[in-house]
Amino acid sequence: MENSNKLSQFTSRFATTEIDALLPMADMARTFLAENDFPTSRVERFKYTRLTKLANAQFDANNALAVADFRKHHICSDAIAIYIVNGIVHFPESNLPAGLTIDMLSSAKSLPTSSIKDVFAGMNILYAQSGVCIHVAKNTVLDSVIEIIHVCTGSYAGFTRHHISIGEHAQAKVVLTYVSEATNDCFSHVHTSIEVGKQAHVNVEKVQLESSEMFSFTDEEIWQDASSVFQINTLTLDGSLVRNDLHIQVQGEHAETHLNGMYMLNGQQHVANYSTVDHQVANCESHELYKGIMDDKSVAVFNGKVFVRKDAQKTNAYQSNANVLISDDASVNSKPELEIYADDVKCSHGSTTGQLDDDAIFYLRARGLSEKSAKQLMLTAFMSDVLDKITIPEVKAKVFKTINKRFNWELEL
Amino acid sequence: MIKIENLHASIDGKEILKGLNLEVKAGEIHAIMGPNGAGKSTLASVLAGREDYEVTAGSVDFDGTDLLELSTEDRAREGLFLAFQYPVEIPGVSNINFLRTALNEIRAYKGEDQISAKDFMAMVREKSAIVELDSKLASRAVNEGFSGGEKKRNEIFQMAMLEPKLAVLDETDSGLDIDALRIVANGVNTLKSDKNATIVITHYQRLLDYIVPDFVHVLYDGRIVMTGTKDLALELEEKGYDWIKDSIDA
């Protein structure tokens, strides 16, 4: 079959994983990959994302450039920094705060069983070479931020996998940073699973800053226990083809989930955000807010799904996606979805896409503001509610710095 | 201050201003009245530089500068202010933030230093009092959720903050009750000096009871067809515009 050749050609460059904890899932993944090819646009989940360029790209997993000073890429100055450089893990082995353990993924005894929703999830199970396991013991409140910095260079291609478990009553802030250097068609797929224990609080800032030669796929699977609070801010500021899959299973009552996202795109960037919040039990709430600004010929995809299962009575679930197009050639495909099987819930969703109001720009200019300042003020105002969700000041500063540089703006914090 | 000569302007190929002449000197208040569709708001828009309008002939000299050559923002920076007939609501953009940006960009244009946060806030307090604008309103998003009267008071507040040489008030009286009208007019009168000038565009004489003009012009079919003193406004109020239309069209 010609079709299956494409995927097998693509995977032929990767060595099968030797991570013990992945082996129980490997057969399932192998079967899935044998039965499926790279998805075409006929597949709903990939309707707007063309993968031909990725399938044909010339990666060389063994020919990544050495990175001498990868440690410059962290965002948070006082963070416990874990670097994944072209799949090679570096982490501090001493002086960790009490209650925090970090290990190589290869030393994990077991990992939660993942769902294989597409070939990328399957490939990650079968070809992941590295990653870390992080455990925050119960009742531990971490003052330091844990930052995992993914650095890709040259024509690297590979799969990385992390597992994070947060014990009962524990609190942690995690920053997932994605950067690249001197790339020449680079592919990275990172799967991160997070188990959030009872009454635990977890905040994840995901900052995507990779270059325009980068195919960056990320996949987060979250399990939330009772009365836990989980927030993830997905901040996509660069990258050629970026695909974020976020899957949250709310399994304990009175849990609270916040998913926020912002994407600011230009050039020919393609950024797809897929999310699923699966309310399985009663008395939980989820809030989803994604906002995007698109320039040039960039394309954004938003697909947010909220399931409210039969037993998930008294669920409050809110979902919103808003976009501003600042060029005539940019486009957005937005699809918020609700599937509700319980009868006593409060749910809403909405999606808007528009342009900046010319009358408002004229009004501001008539007061002496340049056109550029007027637009910046309005775009900052548009983004402000998402920007306000960022809990770490250094992350916020990095976001502003990146936007100013890429769009030649002068936004102020 | 401003000298408009033989101004022709059109929108979507339709000529609205058809050879308008007007001169306003420093220290003067001019009222421009006229029936609906005469071109009053077009004049305001053309002066402010709205790009929908095309100037096909004529000139506008603004204190020695060719106004028509300037961008909208540079006109504002040179000291032209337009109080909008319909002030725009801009969700999320704070009144105060945008005014500080505006002031600083105007100052940068003139080669002046930026205003300090302390001086700026003192100025906000002083100027918002002139139009009895609650300082809470001043710090809210631009015009968002403002009543009609609050929007117009906000226009005059902005005018007070920016201290223009020439203010053009486009139908500032429309939609105002008598109390709001008095407050707005009082603001305009307070800001008046022998160095600035005001053009009041209005359909009704009512506003001119509070802002007393030195000259009243009648705009009809794209031109100024009659000029007089404030008594002309009273005459228009009494007789309507038809007698002017009849005499011009005849």
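The text that follows walks through the structure, step by step, so that each part is easy to find. (Residues numbered from 1 in each chain as written. Chains lettered and ligands numbered in written order. Predicted model: local features only at pLDDT ≥ 70, side-chain atom pairs only at ≥ 80, totals over all residues. Heavy atoms only, no water.)

## Re the pattern of salt bridges
Scanning the entire structure with this criterion turns up 35 salt bridges over all chains. Residue B:Glu155 pairs with A:Arg367 through a salt bridge whose shortest N-O separation is 2.7 Å. Of this pair, B:Glu155 sits in helix α6 (residues 148-162) while A:Arg367 sits in the loop between α5 (358-365) and α6 (371-387), placing the two residues on different chains. For the pair formed by B:Glu155 and A:Arg367, the shared burial category is buried. The salt bridge partner of B:Glu89 is B:Lys151, with a shortest N-O separation of 3.1 Å. Of this pair, B:Glu89 sits in the loop between β6 (80-83) and β7 (90-94) while B:Lys151 sits in helix α6, and the two are 62 residues apart along the sequence. Classification of B:Lys151 by relative accessible area gives buried; the value is 17%. Where salt bridges share partners, they join A:Arg45, A:Asp118, A:Arg243 and A:Asp245 into one cluster. (Salt bridge = Lys/Arg side-chain N within 4 Å of Asp/Glu carboxyl O. Helix = DSSP H or I, 4+ residues; strand = E, 2+ residues; numbered from the N terminus. Buried < 20%, exposed > 50% of the residue type's maximum accessible area, 1.4 Å probe, protein only.)

## Looking at α6(B)
Residue and element names in this part refer to chain B. Spanning 15 residues, α6 covers 21 Å between terminal C-alpha atoms, matching the ideal 21 Å at 1.5 Å per step. With 13 of its 15 residues buried, α6 lies for the most part within the structure. One or two positions beyond α6, positive phi appears at Glu163, with a value near 45 degrees. (Expected span 1.5 Å × (residues − 1).)

## Focus: the nonpolar core
Residues and elements named next belong to chain A. Within the largest apolar cluster, 131 residues are counted, with the highest numbers of intra-cluster contacts made by Met262 and Val395. Ranked by residues supplied to this core, first place goes to α6 with nine residues. Within the second largest apolar cluster, 48 residues are counted, among which are Phe91, Leu142, Ile166 and Val277. (Core = buried A, V, L, I, M, F, W, Y, C linked by side-chain atoms within 4.5 Å.)

## A word on helix α3 (residues 95-109) of chain B
All names here are of chain B. The terminal C-alpha atoms of α3 lie 21 Å apart, and with 15 residues this matches the ideal 21 Å at 1.5 Å per residue to within 8%. The complete set of buried residues in α3 reads Asn95, Ile96, Phe98, Leu99, Ala102, Leu103, Asn104, Glu105 and Ile106. Two residues or fewer past α3, Gly111 is found with a positive phi of approximately 75 degrees.

## What to know about unusual backbone geometry
One non-glycine residue with positive phi stands out, namely A:Asn86, at about 45 degrees. By secondary structure assignment, the location of A:Asn86 is in the loop between β1 (80-85) and β2 (88-90). Positive phi, close to 50 degrees, is recorded for B:Asn6, a residue that is not glycine. Checked against the element boundaries, B:Asn6 lands in strand β1 (residues 2-11).

## A closer look at the sheet that holds β1(B)
Residues and elements named next belong to chain B. Spatially, the four strands line up as an open sheet ordered β2-β1-β4-β5, and their pairing is antiparallel. Across the chains shown, the open sheet's two edge strands, defined by having one partner strand only, are β2 (14-24) and β5 (65-66). For strand β4 (residues 53-62) and β5, the ladder comprises two bridges, and the chain directions are antiparallel. In the strand pairing of β5, Asp61 is matched with Asp66. Across the sheet, helix α1 (residues 40-48) touches β1, β2 and β4, and the angle it forms with β1 is around 105 degrees. (Pairing = 2+ DSSP bridges. Contact = heavy atoms within 4.5 Å. Axes fitted to C-alpha atoms, helices over the stretch in contact; angles between N-to-C directions.)

## Remarks on the environment of A:Val395
Residues and elements named next belong to chain A. Relative to the assigned elements, Val395 resides in helix α7 (residues 393-407). Distance from Val395 to Val175, taken between C-alpha atoms, is 8.5 Å for residues 220 residues apart in sequence. Those residues in contact with Val395 that sit more than four places away from it in its chain are Ile75, Cys76, Val175, Glu205, Val207, Leu235 and Ile390.

## Examining the layout of surface pockets
Each pocket or cavity is described by its volume, and for the largest pocket that value is around 750 Å³. The wall of the largest pocket is formed by 25 residues, among which A:Leu377, A:Glu410, A:Leu411, A:Glu412 and B:Thr101 lie closest to the centre. Of all the secondary structure elements, the ones that give two or more residues to the lining of the largest pocket are α6 and α7 of chain A together with β7 and α3 of chain B. The element best represented in the lining of the largest pocket is α6(A), accounting for eight residues. (1 Å grid on protein atoms, 1.4 Å probe; cavity = no way out; pocket = protein on both sides within 12 Å on 5 of 7 lines; lining within 4 Å. Points joined across faces, edges and corners; volume = space filled by probe spheres on them.)

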